[in-house]
Amino acid sequence: MNKTAVITGATSGFGLASARIFADAGWNLILTGRREERLADISEELSSKTSVLTLVMDVCDKEAVLAAFNQLSAPFDQIDLLINNAGLALGTEPAQRSDLAQWHTMIDTNIKGLTTVTHALLPKLIATGKGASIINIGSIAGQWPYPGGNVYCGTKAFVEQFSLALRCDLSGTGVRVTCLAPGLSESEFTLVRTGGDKKAYDALYGGADAIQPEDIAETLLWIAQLPAHLNINQLEIMPVSQSWAPFAIKRDA
Ligand SMILES: NC(=O)C1=CN([C@@H]2O[C@H](COP(=O)(O)OP(=O)(O)OC[C@H]3O[C@@H](n4cnc5c(N)ncnc54)[C@H](OP(=O)(O)O)[C@@H]3O)[C@@H](O)[C@H]2O)C=CC1
Ligand SMILES: O=CCS(=O)(=O)O
């Protein structure tokens, strides 16, 4: 029987590339996102390869998330994999010039949304048991602070530690938990973060040979298809062009 993966944030970037690669590998797919038209296009593209269920949902809308996942029927009622991918960064300003509404949106999406989806699907993942997986998309930002990262860095630090703690709780259930932490990756992420600033996008990615969504999708498939007795706890990936900045020394601090 085909396995079933839930991928949140499947309308672009990592989520979309993963939908394509998991479909090629024969997984049934439950794909979520807020952009209904994009979900319809993806469903049309992939339905000849596998069974696809699209759920238009904002992960910040707790009632909508719970209602959608409580109504799953065959062949989508047994869940083998949850990829908690939906997320975003907003703003690059230092904390003292940042927008509180943007901070709250990041917390609502990256922390509260991710935990709502996880809570809703845990019973189904535990019912599947051995071989089931949760893969949470963290970020290098969860481990390595940078100027202007403030709340985004904090939300991804939450994702990392939540993943590890979840793994403790799920010990004995057979359900695996991974936090995958990518670095600089080319997707719509930076356009969302900067409010559509194409110049900022070009400046960041130009010549950087950044991670591509397909690189992350391949990695996710590898993690999900490892033998059931193996758990990748944490995995950090950067493009070769990216490394750690030297510590800033501000002499007039
Ligand atoms: N790009 C990068 O450099 C890195 C990104 N990440 C993380 O990877 C994940 C995917 O990002 P990436 O593919 O790069 O970016 P994209 O902007 O291309 O994709 C983000 C996805 O998240 C969905 N999403 C955002 N907010 C919500 C919401 N409230 N409810 C439901 N879905 C939502 C979007 O769908 P829609 O708008 O249709 O709702 C979209 O499908 C994020 O968690 C991001 O933080 C981690 C490390 C590096
Ligand atoms: O999560 C995204 C990577 S970065 O832009 O924070 O470095």
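Residues numbered from 1 in each chain as written. Chains lettered and ligands numbered in written order. Predicted model: local features only at pLDDT ≥ 70, side-chain atom pairs only at ≥ 80, totals over all residues. Heavy atoms only, no water.

If you look the chain up in an unreviewed UniProt entry, it shows as SDR family NAD(P)-dependent oxidoreductase from Marinomonas colpomeniae. UniProt, in its Sequence similarities (unreviewed entry) section for the chain, records the words "Belongs to the short-chain dehydrogenases/reductases (SDR) family." (UniProt positions renumbered as here; feature names shortened; annotations may be inferred.)

## Digging into the site of ligand 2
Ligand 2 sits among S139, I140, A141, Y146, Y152, F189 and R193. In the model, an oxygen atom of ligand 2 is placed 2.6 Å from a nitrogen or oxygen of the Y146 side chain. Its free accessible area being 240 Å², ligand 2 has 82% of it covered by the protein chains. Looking at the shell around ligand 2, its residues break down into five nonpolar, one polar and one charged. (Near = heavy atom within 4 Å. Polar contact = N/O pair within 3.5 Å; in protein donor to acceptor, adjacent residues only side chain to side chain. Areas by Shrake-Rupley, 256 points an atom, 1.4 Å probe, with all protein chains shown as cover. Nonpolar A, V, L, I, M, F, W, Y, C, P; charged D, E, K, R; others polar.)

## What about helix α3 (residues 62-70)?
Helical geometry: 3.6 residues make up each α-helical turn, so side chains three or four residues apart lie on a common side. Regarding α3, the residues found buried are V65, A68 and F69. An end-on view of α3 places all buried positions within 90° of arc, on one side of the element. Every exposed residue of α3 that faces more than 90 degrees away from the buried side is listed here: E63 and N70. Looking at the buried side of α3, the elements it contacts are β1 (4-7), β2 (28-33), β3 (52-56) and α4 (100-128). (Buried < 20%, exposed > 50% of the residue type's maximum accessible area, 1.4 Å probe, protein only. Helix = DSSP H or I, 4+ residues; strand = E, 2+ residues; numbered from the N terminus. Arc of directions from axis to C-beta. Contact = heavy atoms within 4.5 Å.)

## Focus on the site of ligand 1
Neighbouring ligand 1 are 28 residues, the closest being T11, S12, R34, Y152 and S187. Between an oxygen atom of ligand 1 and a side-chain N or O atom of Y152, the distance comes to 2.7 Å. Listing elements by their share of the shell around ligand 1, those giving two or more residues are α1 (13-24) and α5 (150-169). Per-class residue counts for the shell around ligand 1 are ten nonpolar, 13 polar and five charged.

## Points about the pairing of strand β6 (residues 176-182)
Along β6, seven of the seven residues are buried, which leaves the element largely enclosed by surrounding structure. Covered by surrounding structure in β6 are R176, T178, L180 and P182 together with V177, C179 and A181, the residues of both alternating faces. One ladder, built from five bridges, connects strand β5 (residues 133-137) with β6; its direction is parallel. Counterpart to S133 in the pairing with β6 is R176. In this structure, β6 lies alongside strand β7 (residues 234-237), joined through four bridges in parallel fashion. Considered in β7, the bridge of A181 is made with E236. (Pairing = 2+ DSSP bridges.)

## Quick look at the nonpolar core
Counting residues in hydrophobic clusters, the biggest one holds 29 residues, and the most contacted among them are F22, W27, L29, L31, L46, L81 and L220. Secondary-structure elements contributing two or more residues to this core are β1, α1, β2, α2 (36-46), β4 (81-84), β5 and α8 (213-224). Among the elements that take part in this core, α1 stands out by supplying seven residues, more than any other. Ignoring anything within four residues of it in the chain, the contact list for L29 reads A5, I7, A19, F22, A23, L46, T50, S51, V52, L53 and F76. Formed by 23 residues, the second largest nonpolar core is a distinct cluster that contains V6, V65, A68 and L125. (Core = buried A, V, L, I, M, F, W, Y, C linked by side-chain atoms within 4.5 Å.)

## Observations regarding the confidence of the model for the chain
Of all residues in the chain, 100% have pLDDT values of 70 or greater, and the mean over the chain is 97. Interface confidence for the predicted complex, expressed as ipTM, amounts to 0.99; the pTM equals 0.98. (pLDDT = per-residue confidence, 0-100.)

## Things to note about the sheet that holds β3
With parallel pairing, the seven strands of this open sheet are ordered in space as β3-β2-β1-β4-β5-β6-β7. Each end of this open sheet is capped by a strand with a single partner; those strands are β3 and β7. The average angle at which neighbouring strand axes cross in this sheet is 15°, direction not considered. Each of β2 and β3 touches α2; the most contacted strand, β3, lies at about 180° to it. (Axes fitted to C-alpha atoms, helices over the stretch in contact; angles between N-to-C directions.)

## Side note on a negative patch on the surface
On the surface, E36, E37, D41 and E44 cluster together to form a negatively charged patch. Note that D41 resides in helix α2. (Patch = residues over 30% accessible without salt bridge, like charges linked within 9 Å, V, L, I, M, F, W, Y side chains within 5 Å. Salt bridge = Lys/Arg side-chain N within 4 Å of Asp/Glu carboxyl O. Lys, Arg positive; Asp, Glu negative; His and termini not counted. Charge placed at Lys NZ, Arg CZ, Asp CG, Glu CD.)

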